[in-house]
Amino acid sequence: MSAETDAVSTSTYSSPAKSLGDPGITPLSPSHIVKDSDAEDAVEQLFLVVVAIDFGTTSSGYAYSFTKEPECIHVMRRWEGGDPGVSNQKTPTTILLTPERKFHSFGYAARDFYHDLDPTESKHWLYFEKFKMKLHTTGNLTMETDLTAANGKKVKALEIFAYALQFFKEQALKELSDQGGSDFENTEVRWVITVPAIWKQPAKQFMRQAAYKAGMASPENPEQLIIALEPEAASIYCRKLRLHQMIELSSRAPVNGYSPSDTIGTGFTQGKEHVRRNRQSRTFMVENVIGEIWSELEEGDRYIVVDSGGGTVDMTVHQIRLPEGHLKELYKATGGPYGSLGVDYEFEKLLCKIFGEDFIEQFKIKRPAAWVDLMIAFESRKRAAAPDRTNPLNITLPFSFIDYYKKFRGHSVEHALRKSNVDFVKWSSQGMLRMSPDAMNALFKPTIDQIIQHLSEVFDKPEVTNVKFLFLVGGFAESPLLQQAVQSAFGSRCRVIIPQDVGLTILKGAVLFGLDPAVIKVRRSPLTYGVGVLNRFVEGKHPPEKLLVKDGTRWCTDVFDKFISADQSVALGETVTRSYTPAKPSQLVIVINIYSSEQDNVSFITEPGVKKCGTLRLDLTGTDAAVPNRREIKTLMQFGDTEIKAMAVDVATSKSVKVGIDFLNY
């Protein structure tokens, strides 16, 4: 017997269940899955308007549609202070806080105000840009994660995201009120916020928390906010495309939106899209039909949406299910941080090579506003890069760059360029860096190569055979260099299609998604979910260190009882049910811990990579004594939206408890 007690005591440390002294549960056989989509469907709330926010790494915007007039999508009004050479409806994702850490401004206004501050003053203000990437790159994201401002000071990420969403909320409500002539209430709006599909669950939950903090919805009323996945939104919009609203790459040269002779224009905006102009906001008529390209797709056809933005590139493979044309996700979203920011990063490396890393680091800290200026100048030239370009691209260096460099090094910028052996980059007498097209294309190469490489891997997956179309969407899809690379790599395997106004595709699709959230029917679960249980101990099958003896019964602890596996298809709203019974009949508090893992085959909750993401506490005190000796506790997990809900019910008394899966607080 002593060996057994040893086994119990030594494993006290390795076993979360035992160390917590949790009352255990054990499965009632047989466990079964119930596909129960009609059970407790929430009463559909009636919203007057759907507002979608595309919160991007580099730029953001919103669009809306009235539920009574769903064929009209209004893209937000033009904002003050746009940039030359960048004629989009969106505004830069930049935010400025006062030295007292209060919200000051967002977008162009934040950038310009920050820029006009005196350097002695600007170092006290907190300026943030491209901060959305932090949610992608932070492994252990929590409510406490910090962001660093341009001046090096830290602020809680949740606050910054909430400020930004609150700003959009107020802008949108103001525009709606101006249009309708009376005040629009937040309760009349259904909000949709888009996030990259490759984000992990904590980042998606973080967005929802930030939106609650911004007052868009609340934990009591979560249906008011939908977190939509960017490529899914794009895909919904692509279904509506008519032939005149897109460009098929194989049939023409890649488009460069900057030559005046070209009627296509920036981001193809002059396409024959039906546009009603209305007090600066543009209204797109979305015909309530399935577009021509879509009608060529048959049951079971597959297509890939490649959403290339500022920070990330997301790829999703969908399959059509007729008759309704619902979408089924075939291969779980993949991708990575290969957005157009990679090109900015290469430009920064080039500057370090020419002027020295020590100088660039100092310049960014000492003259943050001028650094922002230099990157804006680069941005507009970056958009002019094209495969067939022959004339050089000039980038203006801010005066303070030239001045500070001379102070720092004791010689001129011109001297540095001559001395550095970087070919293709020269100094022009007008105070500009003159880059040959080859030099510019070289800055794009690493990022584009990664995208093509990743796409090739996706194309090689067995689930991804016979893809008919590749839709290239997102802001980076405006780049003719990326268009050409995708076309030459995959044009022989499928048709490469770019919607007009490609930078607004996600926004418009997100509005359509908010009007009809049921359009996406099947998703792939990104994680494996299960609960921790006790099973009867079987000699030779279970590891001896998991043995626990309770009241003479031998249990195997820490067993991971699987609800759903990573990459399994889950229909939206599908409920998976398991039945358990208390390991000890007299237990009055039942604790069910929910765990997740990125691995498929998990046996124990102690395995590496298994994370606790929810707890259901069912208190059965005060219930009648007439309870069967094998009490049945039903546990349900409902996989929906980007959120997952869990519930435990005591069958005898119908007592129940609910919990949302939480990835940020465990």
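By the naming in an unreviewed UniProt entry, the protein chain goes by Heat shock 70 kDa protein 12A and is assigned to Cyanoderma ruficeps. Of the protein chain, the UniProt comment under Sequence similarities (unreviewed entry) reads exactly: "Belongs to the heat shock protein 70 family." Here the protein chain is described in UniProt, under the heading Subunit (unreviewed entry), as follows: "Interacts with SORL1 (via cytosolic C-terminus); this interaction affects SORL1 internalization and subcellular localization."

The next thing to look at is the overall build of the protein chain. Helix and strand counts for the protein chain stand at 17 helices and 34 strands. Counting the 666 residues in the protein chain, one finds 54% classified as buried. Relative to all contacts within the protein chain whose residues are 6 or more apart in sequence, the contacts with residues 24 or more apart total 72%. With the model as given, the accessible surface of the protein chain reaches about 28,300 Å², and the carbon-plus-sulfur share is 51%.

On to the packing of helix 6 (residues 157–180) against helix 7 (residues 201–213), then. Where helix 6 contacts helix 7, the axes come no closer than 8 Å and their chain directions differ by 60 degrees. Considering the angle they form, helix 6 stands oblique to helix 7. Crossing hand, helix 6 versus helix 7: right-handed. Residues Ala157, Leu158, Glu159, Phe161, Ala162 and Leu165 of helix 6 form the contact with helix 7, whose own contacting residues are Phe206, Met207, Gln209, Ala210, Ala211 and Lys213. The residue inventory of the contact of helix 6 with helix 7, partitioned by class, reads nine nonpolar, one polar and two charged.

Right, let's talk about the packing of aromatic side chains for a bit. Under the defined criterion, the tally for this structure stands at 29 aromatic pairs. When the centroid spacing of 5.1 Å and the interplanar angle of 50 degrees are considered together, the rings of phenylalanine 113 and tryptophan 125 count as tilted. Of the two residues, phenylalanine 113 sits in helix 3 (residues 108–116) while tryptophan 125 sits in the loop between helix 4 (119–122) and strand 8 (126–129), which places them 12 residues apart along the sequence. Owing to a relative accessible area of 10%, tryptophan 125 belongs among the buried residues under this scheme. Seen in terms of ring centroids, phenylalanine 167 and phenylalanine 168 are 5.8 Å apart; in terms of plane orientation they differ by 70 degrees. Their pairing is edge-to-face. Phenylalanine 167 gets classed as buried once you look at its relative accessible area, which sits at 12%. Ring pairing ties together the aromatic residues Phe355, Phe359, Phe363, Phe401, Tyr404, Tyr405 and Phe408, which thus form one cluster.

With respect to the helices and strands, histidine 542 occurs in the loop between strand 25 (528–536) and strand 26 (547–550). For histidine 542, the residues in contact, after removing those within four places along its chain, are Asn535, Arg536, Phe537 and Cys556.

Attention now goes to the sheet that holds strand 30 (residues 589–597). Strands sit in the order 26-27-25-30-31 across an open sheet of five strands; the sheet is antiparallel. Both edges of this open sheet fall to strand 26 and strand 31 (611–619), since each of them pairs with a single strand only. Neighbouring strand axes in the sheet, compared pairwise and without regard to direction, differ in orientation by 35 degrees on average. Direction of pairing for strand 26 relative to strand 27 (residues 553–564): antiparallel, over a ladder of four bridges. Along strand 27, the bridge assignment pairs leucine 548 with tryptophan 555.

Within the chain, arginine 101 stands out as a residue other than glycine whose phi angle is a positive 70 degrees. Unusually for a residue other than glycine, lysine 130 sits at a positive phi of about 50 degrees. Given the relative accessible area of 26%, lysine 130 is considered partly exposed.

A separate point is helix 3. Turning to helix 3, its buried residues are Tyr108, Ala110, Arg111 and Tyr114. Seen along its axis, helix 3 keeps its buried residues to an arc of 165 degrees; they face one direction. Buried-residue contacts for helix 3 involve strand 5 (91–92), strand 6 (94–97), strand 7 (103–106), helix 4, strand 8 and helix 12 (368–382).

Between helix 10 (residues 341–355) and helix 11 (residues 357–366), the shortest axis-to-axis distance is 7 Å and the interhelical angle comes to 120 degrees. In this view, helix 10 runs oblique relative to helix 11, as classed from their interaxial angle. From helix 10, Glu348, Leu351, Cys352 and Phe355 reach across to helix 11, where they touch Glu357, Asp358, Phe359, Ile360 and Lys364. Class assignment for the residues of the contact of helix 10 with helix 11 results in five nonpolar, no polar and four charged.

Close approach of charged atoms lets side chains of opposite charge pair. A full pass over the atoms with the stated rule returns 19 salt bridges. Salt-bridge contacts for lysine 174 lead to aspartate 178; the nearest nitrogen and oxygen are separated by 4.0 Å. Here lysine 174 and its partner aspartate 178 are both found in helix 6, four residues apart, which amounts to about one turn of the helix. Among the residues examined, aspartate 178 registers a relative accessible area of 38% and is labelled partly exposed. Arginine 554 is the salt-bridge partner of glutamate 539, the closest N and O atoms lying 2.4 Å from each other. Residue glutamate 539 is found in the loop between strand 25 and strand 26, and its partner arginine 554 is found in strand 27; the two are separated by 15 residues along the sequence.

Our next topic: the sheet that holds strand 8. Taking strand neighbours across the sheet as the criterion, the three strands line up as 7-6-8 in an open arrangement whose pairing is antiparallel. Two strands bound the open sheet, and with one partner strand each, they are strand 7 and strand 8. Each strand of the sheet is rotated relative to its neighbour by a mean of 20 degrees, with strand direction disregarded. With four bridges connecting them, strand 6 and strand 8 associate as antiparallel partners. Its bridge partner being in strand 8, leucine 97 is matched across the sheet by leucine 126.

Further remarks concern the environment of isoleucine 198. Examined against the element boundaries, isoleucine 198 turns out to sit in the loop between strand 11 (189–195) and helix 7. A relative accessible area of 13% places isoleucine 198 in the buried class. Sequence separation of isoleucine 198 and threonine 334 is 136 residues, and the distance between their C-alpha atoms is 5.7 Å.

Bringing the environment of cysteine 613 into the picture now. Position of cysteine 613 among the secondary structure elements: in strand 31. Sequence spacing of cysteine 613 and tyrosine 595 is 18 residues, and the spatial spacing of their C-alpha atoms is 5.4 Å.

Calculation rules
- Residues numbered from 1 in each chain as written.
- Predicted model: local features only at pLDDT ≥ 70, side-chain atom pairs only at ≥ 80, totals over all residues.
- Heavy atoms only, no water.
- UniProt positions renumbered as here; feature names shortened; annotations may be inferred.
- Helix = DSSP H or I, 4+ residues; strand = E, 2+ residues; numbered from the N terminus.
- Buried < 20%, exposed > 50% of the residue type's maximum accessible area, 1.4 Å probe, protein only.
- Contact = heavy atoms within 4.5 Å.
- Areas by Shrake-Rupley, 256 points an atom, 1.4 Å probe, with all protein chains shown as cover.
- Axes fitted to C-alpha atoms, helices over the stretch in contact; angles between N-to-C directions.
- Parallel < 35°, antiparallel > 145°, perpendicular 65-115°, else oblique.
- Left-handed = near helix turned anticlockwise from the far one by under 90°.
- Nonpolar A, V, L, I, M, F, W, Y, C, P; charged D, E, K, R; others polar.
- Phe/Tyr/Trp six-rings, centres within 6.5 Å; stacked < 30°, edge-to-face > 60°.
- Pairing = 2+ DSSP bridges.
- Arc of directions from axis to C-beta.
- Salt bridge = Lys/Arg side-chain N within 4 Å of Asp/Glu carboxyl O.

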